[in-house]
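Coordinate analysis (summary)
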Amino acid sequence: MHHREPHGNLAPHIPADAYHRAQATGQPVVIVVNDTPVGIPWRRLLIPFAIAGAAVAGTWGLVAALCFLLDTAAHTATVIAGAAGPIGVGGITLKLARTRN
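Residues numbered from 1 in each chain as written. Predicted model: local features only at pLDDT ≥ 70, side-chain atom pairs only at ≥ 80, totals over all residues. Heavy atoms only, no water.

Some details on the overall build of the protein
The line we're drawing: Helical segments are the DSSP runs of H or I of at least four residues, strand segments are the runs of E of at least two, and each set is numbered from the N terminus. With a 1.4 Å probe rolled over the protein chains alone, any residue whose accessible area is under 20% of its type maximum counts as buried; one over 50% counts as exposed, and the rest are partly exposed. Where accessible areas are quoted, they stem from the Shrake-Rupley method and a 1.4 Å probe; at the residue level, only the protein chains shown are allowed to cover.
Across its full length, the protein carries two helices and two strands. When the helices and strands of the protein are read in sequence order from the N terminus, they spell out α-α-β-β. Counting every position in the protein, which comprises 101 residues, the buried fraction comes to 2%. Summed over its atoms, the accessible surface of the protein is roughly 9800 Å², and 66% of this surface lies on carbon and sulfur atoms.

What follows is the structure in structure tokens.
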């Protein structure tokens, strides 16, 4: 049998014998309603994964930026060394970059 009303709008069912016994003796009827949602709490699972994903994406972005800066620094040092020519101190001469033939 299908319920036509949405879940949660129906009153809890009291069996007839429990109702008649409560009416005859005056004892209270205790109704226990389990309103715990059934299934996986997706929000509780997705928030940590979203935070971890953002941290991973940020870390990869930081690594890519660092690689780009180091590559740029290496090229800049090569250009400066090639333009400066040999450097000599106290009779020792160092050639910082090779000339292309």
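This is not the end of the story, as more comes after the structure.
Structural notes on the pattern of salt bridges
Put simply, the test is: Here, a salt bridge means any side-chain nitrogen of Lys or Arg that lies within 4 Å of a carboxyl oxygen of Asp or Glu.
Taken as a whole, this structure holds one salt bridge when the rule is applied. The salt bridge partner of Asp17 is Arg21, with a shortest N-O separation of 4.0 Å. Of the two residues, Asp17 and Arg21 both sit in helix 1 (residues 16–25), four residues apart, roughly one turn of that helix.

Remarks on a nonpolar patch on the surface
Inclusion rule: Nonpolar side chains (Val, Leu, Ile, Met, Phe, Trp, Tyr) are joined into patches within 5 Å and like charges within 9 Å, using only residues with over 30% relative accessible area and no salt bridge.
Judged by side-chain polarity, Ile14, Tyr19, Val29, Ile31 and Val33 come together as a nonpolar surface patch covering roughly 420 Å² of accessible area. By relative accessible area, Ile14 is classed as partly exposed at 30%.

Observations regarding the confidence of the model for the protein
Let me state the cut-off plainly: Values of pLDDT, which run from 0 to 100, indicate the predictor's confidence residue by residue.
Predicted confidence across the protein gives a mean pLDDT of 79, with 75% of residues reaching 70 or more. When the elements of the protein are averaged for pLDDT, strand 1 (residues 87–89) gives the smallest value, 69, and helix 2 (residues 42–84) the largest, 91.

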